[in-house]
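So you can see what is in the structure, the chains are spelled out below.
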Amino acid sequence: MQALLEYAIVGGVLYGIFFGLVAVGLNLIFGVMRIINLAHGEFVILGGFGAYWLSTSLGLNPLWGLPLAALGAVVIGFPLYYAVVPGLQRSRDPEMLSFILFFGLAQIIDAIISLGFGPDQRSLPDEALGGGTISVLGQAFPDSWWVAAGVAILAIMGLWLYLTRTRLGFATRAIMANRDEAFATGIAVDRVSAIAFVIGLALAGAAGVFVPYLQGSVAPGIGNNLTTTSFAILIIGSLGNPVGTLFGGLVFGVGSMLMQTFYASWSDLVPYVLLVVIVLLRPQGLFGKAVRNA
C-alpha cells in the first residue's frame, strides 16, 4: 500500500507539472483577451504531431519540436489574432462568440490533422528522451517524464518572469486587470494582446511535444479532453497567475494519479470533481488573492 501511495504521489507531481504547462497558455489567453479558446487542446496536439513528424520524417530529436512550436505560434498566431480577436472584442458578447468560433476552429484543426496523419494514435520511442528511468522514493519513472517536468517548470517560470519583470509583462497584467483602463493609459492593447496570444499558443505547442510520452500517444480527437482539463486547472489555480496554474496542475496531477492507482474506473471524474469543489469553496482559485494584489 505504501509503495502504491509513493508511486501515485511522485507520478502525480510529474504528471501535474506537465499539465501545468498544458494549461498555462490557456490561462494567459483567457486572462488577457477574455476569449474562450476551445481550440486550445488542438494547438497542444499540433505540437505533438509536429514532434512526431520531426522524429519520424526528419530523424530529429522530438525536442526540436519546442522551437518548431514557437515558430509555428508566430506564423499562425499573429494572423489569427488580427483576423479574429479585434472583431470579437468589439462585439456585444465576445466570450460567447469566441466559444462558437474557436469550437469551429478546433474541428478544422482536427480534420487537417486527420488528413495529414490519419486517425490512428501515434507514439514516440522513450529512447529519444533518454530511454532510462530515474527513481525517487524507490519509484522509477521514465526519463521522458522528468524531461517534460523540467521543461514545464522552465517555461512557466519564464512566463512568470516575463509578466513580472518586463515592460511588456507589466502592460499585459494591466490589460488583465482592466482592458479599457489600460487602453486609456496609452498601452498598445492590440499589440500587447497579440504577443500574449502568440506566447499562449507557443506554450500549448511546447506542451504538445510531451503528450506522446505523458499520455502514451497523440491522436486527433484528444484535444477536447485537454481543453477541459486545462480549464479545470485554470480555475483551480486562479486566473492570470502562472505559478498558480502550476500548483493547479499539481492538485490535478496528484489527484488523478491517486484515483488511477486506487480507483481507476473513477479517474476520469477527477478534473470535474476538483473543479466543482474549488468553485464552491474558493471561487477565486487557490491563488486568487495573490492575483488581486499583484
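Residues numbered from 1 in each chain as written. Predicted model: local features only at pLDDT ≥ 70, side-chain atom pairs only at ≥ 80, totals over all residues. Heavy atoms only, no water.

A short note on helix H1 (residues 2-33)
Put simply, the rule is: Helix and strand assignments come from DSSP, with helices taken as H or I runs of at least 4 residues and strands as E runs of at least 2, each series counted from the N terminus. To estimate how far a helix should extend, the number of its residues minus one is multiplied by 1.5 Å. Working definition for bend: take the seven residues up to and ending at a residue and the seven starting at it, fit an axis to each, and measure the angle between the axes.
Under the 1.5 Å per step criterion, the end-to-end length of H1 is 45 Å for 32 residues, consistent within 8% with the ideal 46 Å. Of all the bends in H1, the largest measures some 30 degrees and sits at Ala-23. One or two steps after H1, the chain reaches Arg-34, where phi turns positive at roughly 55 degrees.

Observations regarding the environment of Ile-233
Which entries qualify depends on this criterion: With a 1.4 Å probe rolled over the protein chains alone, any residue whose accessible area is under 20% of its type maximum counts as buried; one over 50% counts as exposed, and the rest are partly exposed. By definition, residues are in contact when any of their heavy atoms lie within 4.5 Å.
Relative to the helices and strands, Ile-233 is located in helix H10 (residues 223-237). A relative accessible area of 0% places Ile-233 in the buried class. For the pair formed by Ile-233 and Asn-27, sequence separation is 206 residues and the distance between their alpha carbons is 9.0 Å. In this structure, Ile-233 is in contact with Phe-19, Ala-23, Thr-245, Gly-248, Gly-249 and Phe-252, ignoring residues within four places of it in sequence.

Looking at the packing of aromatic side chains
Convention followed: Stacked, edge-to-face and tilted are the three classes for Phe, Tyr and Trp ring pairs, Trp counted by its six-membered ring, which pair at centre distances within 6.5 Å; planes under 30 degrees apart are stacked, over 60 edge-to-face, the rest tilted.
For the coordinates displayed, the defined rule picks out 11 aromatic pairs. Arranged with centres 6.2 Å apart and planes meeting at 25 degrees, the rings of Tyr-15 and Phe-252 form a pair that is stacked. Remark: Phe-252 occurs in helix H11 (residues 242-262) and Tyr-15 occurs in helix H1; sequence separation between them is 237 residues. Ring centres of Phe-18 and Phe-19 lie 5.1 Å apart, and the angle between their planes is 75 degrees; on these two criteria the pair is classed as edge-to-face. The exposure classification of Phe-18 matches that of Phe-19, with both residues buried.

Side note on empty space enclosed by the protein
Let me state the cut-off plainly: Put plainly, a pocket is an open set of points on a 1 Å grid over the protein atoms alone with protein on both sides within 12 Å along at least five of seven lines, a cavity is a set where a 1.4 Å probe fits but cannot get out, and a lining residue has an atom within 4 Å of a point. Grid points are joined across faces, edges and corners, and a volume is the space filled by probe spheres set on the points. The residue classification treats Ala, Val, Leu, Ile, Met, Phe, Trp, Tyr, Cys and Pro as nonpolar and Asp, Glu, Lys and Arg as charged. All others, Gly included, are polar.
Counted by the stated rule, this structure contains 1 cavity of 30 Å³ or more. The computed volume of the largest cavity comes to approximately 40 Å³. As for the largest cavity, its lining consists of Val-24, Asn-27, Leu-28, Leu-159, Leu-163, Met-176, Gly-240, Asn-241, Pro-242 and Thr-245. Secondary-structure elements contributing two or more residues to the lining of the largest cavity are H1, helix H5 (143-165) and H11. Here the lining of the largest cavity gets 3 residues from one element, more than from any other, and that element is H1. Considering only residue class, the lining of the largest cavity consists of 6 nonpolar, 4 polar and no charged.

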